[in-house]
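Per-entry structural report
As a plain string of letters, each chain reads:
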Amino acid sequence: MKKNYKLGFILGIIIYVILHGLFNVSRIFAFAISLGSGYIILNYLRIYELKIRLKSLNQFVDITDQSAEKIITENKELKECIHDIKNDLYTMKNLLGKSEFNKTEEKIDNLILECAKIHSPAICINIYVDSFLTKFISDHPQISLDIKINVPEKINMKAMDLSSFMLCLFHDSLINESGKMKFHMCVNNNELSAYVVYPNEITTIQDDSQTLLEIIVKKYHGEIEIKRDEIRCILFLD
């Protein structure tokens, strides 16, 4: 917000110099116009920033809903699995009592297979990163992902910022072809680094998405580098 004030002030001075210096407009009239123009520009920038933050909030709500839905689904599947295991154990106990070892072994094999189907190992122990990547993989089967992640369950970064950060890196405008994609993300000594190589050349980046990504990176005093087909980011989480 301080930068917005500075920008509005600088533009106001420029307008004043142009009106008074080049067009010989009276000082009072030129000052009034420059003041009004600076105020309008400042409010426009403020509204635009609020629009970006609102979009970020909506995206955070979406990813939070997905995380909650995943937890509820996994909890339901776990309860069903425990119930089935309990029934199978009673069945195996009866089979063993009848010395029907072959049927018992078959029952055990089926039980192991069912448990393997239900259990889906997490990509990352951080629920926000894991939920987003799980959904992305499900929605983009045409993409072959090279994933290397080392992100703790809790980091010194707001959940809304982390979710928005992920959404910006995986924005649909950046991924318009099938192929291989690299995503490496690591948190080490309160430093979050992300490296993404896309399956295609980055031709266009939506202004809102790029602006939001830059806002998040600057908020955490980080750096961002965008090349032909890759993005590198470093955020400091102190």
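The structure we're discussing is the one just above.
Notes on the structure follow. Nothing here was measured: the structure is a model prediction, and the numbers come from that model. (Residues numbered from 1 in each chain as written. Predicted model: local features only at pLDDT ≥ 70, side-chain atom pairs only at ≥ 80, totals over all residues. Heavy atoms only, no water.)

Side note on the overall build of the protein
Inclusion rule: A run of H or I in DSSP counts as a helix once it spans at least four residues, and a run of E counts as a strand once it spans at least two, with each numbered from the N terminus. Type-normalised accessible area, obtained with a 1.4 Å probe on protein chains alone, sets the label of each residue: buried when under 20%, exposed when over 50%, and partly exposed for intermediate values. Between two residues, a contact is recorded if the distance between any of their heavy atoms is within 4.5 Å. Using a 1.4 Å probe, accessible areas were evaluated by the Shrake-Rupley method; residue-level cover was limited to the displayed protein chains.
Helix and strand counts for the protein come out as 6 helices and 5 strands. Secondary structure elements of the protein, listed N to C terminal, follow the sequence α-α-α-α-β-α-β-β-α-β-β. Within the protein, buried positions represent 32% of all 238 residues. Once local pairs closer than 6 in sequence are excluded, the contacts in the protein between residues at least 24 apart make up 67%. Carbon together with sulfur atoms contributes 59% to the accessible area of the protein, which is approximately 15,500 Å² in total.

Structural notes on the sheet that holds strand S2 (residues 179-188)
Basically, it comes down to this: Two strands make a pair as long as DSSP finds a minimum of two bridges between them. Between N-to-C directions, angles cover 0 to 180 degrees, with each direction set by a line fitted to C-alpha atoms, over the stretch in contact for helices.
Spatially, S1-S2-S3-S5-S4 is the arrangement adopted by the 5 strands of the open sheet, whose pairing is mixed. With partners counted over all chains shown, the strands left at the sheet margins are strand S1 (143-150) and strand S4 (223-226), one partner each. Between one strand axis and the next, the sheet turns by 5 degrees as a mean value, whatever way the strands run. With 7 bridges joining them, strand S3 (residues 191-197) and strand S5 (residues 230-236) adopt antiparallel strand pairing.

Thoughts on helix H5 (residues 159-169)
Among the 11 residues of H5, 9 are classified as buried, and the element is accordingly described as predominantly covered. Among all positions of H5, only Asp-161, Leu-162, Ser-163, Ser-164, Phe-165, Met-166, Leu-167, Cys-168 and Leu-169 are buried.

A closer look at unusual backbone geometry
Even without glycine at this site, Asn-189 takes up a positive phi of about 55 degrees. Following the sequence through the fold, Asn-189 ends up in the loop between S2 and S3. A positive phi angle, near 60 degrees, is found at Asn-190, a position not held by glycine. Its place among the elements puts Asn-190 in the loop between S2 and S3. Of the residues examined, Asn-190 reaches a relative accessible area of 39% and is grouped as partly exposed.

Topic: the packing of aromatic side chains
Under the convention used in this document: Pairing of aromatic rings covers Phe, Tyr and the six-membered ring of Trp, with a centre-to-centre limit of 6.5 Å; geometry is then stacked below 30 degrees between planes, edge-to-face above 60, and tilted otherwise.
Under the criterion given, the structure shown has 3 aromatic pairs. Ring plane angle 65 degrees and centroid distance 4.7 Å describe the contact between Phe-136 and Phe-170, whose orientation is recorded as edge-to-face. Residue Phe-136 is found in helix H4 (residues 127-139), and its partner Phe-170 is found in the loop between H5 and S2; the two are separated by 34 residues along the sequence. Overall, the relative accessible area of 3% leaves Phe-170 in the buried class. Ring geometry for Phe-170 and Phe-183: centres 4.9 Å apart, planes at 65 degrees, overall edge-to-face. Residue Phe-170 is located in the loop between H5 and S2, and its partner Phe-183 is located in strand S2; the two are separated by 13 residues in the primary sequence. In this structure, Phe-170 and Phe-183 share a single accessibility class: buried. The rings of Phe-132, Phe-136, Phe-170 and Phe-183 are connected pair by pair, giving a single aromatic cluster.

As for H4
Going by this rule: Here the expected span of a helix is defined as 1.5 Å times the quantity of residues minus one. N or O atoms closer than or at 3.5 Å make up a polar contact, with two conditions inside protein: a donor-capable atom paired with an acceptor-capable one, and, for residues adjacent in sequence, both atoms drawn from side chains.
Taking 1.5 Å as the rise per residue, H4 with 13 residues should run 18 Å; its terminal C-alpha atoms sit 18 Å apart, in good agreement. Listing the buried residues of H4 in full gives Val-129, Asp-130, Ser-131, Phe-132, Leu-133 and Phe-136. N-cap assignment for H4: the residue whose side-chain oxygen lies 3.1 Å from the backbone N of Tyr-128 is Asn-126.

Some words on the pattern of salt bridges
Basically, it comes down to this: The term salt bridge refers to a side-chain nitrogen of Lys or Arg lying within 4 Å of a carboxyl oxygen of Asp or Glu.
Scanning all chains against the criterion turns up 5 salt bridges. The partner of Asp-139 in a salt bridge is Lys-135, and the shortest N-O contact between them spans 2.6 Å. With a gap of 4 residues between them, Asp-139 and Lys-135 both fall in helix H4, about one helical turn apart. When its relative accessible area of 42% is taken as the criterion, Asp-139 is described as partly exposed. Relative accessible area serves as the criterion here: at 37%, Lys-135 is assigned to the partly exposed category. Here Glu-225 and Lys-227 are joined by a salt bridge, their closest N and O atoms 3.5 Å apart.

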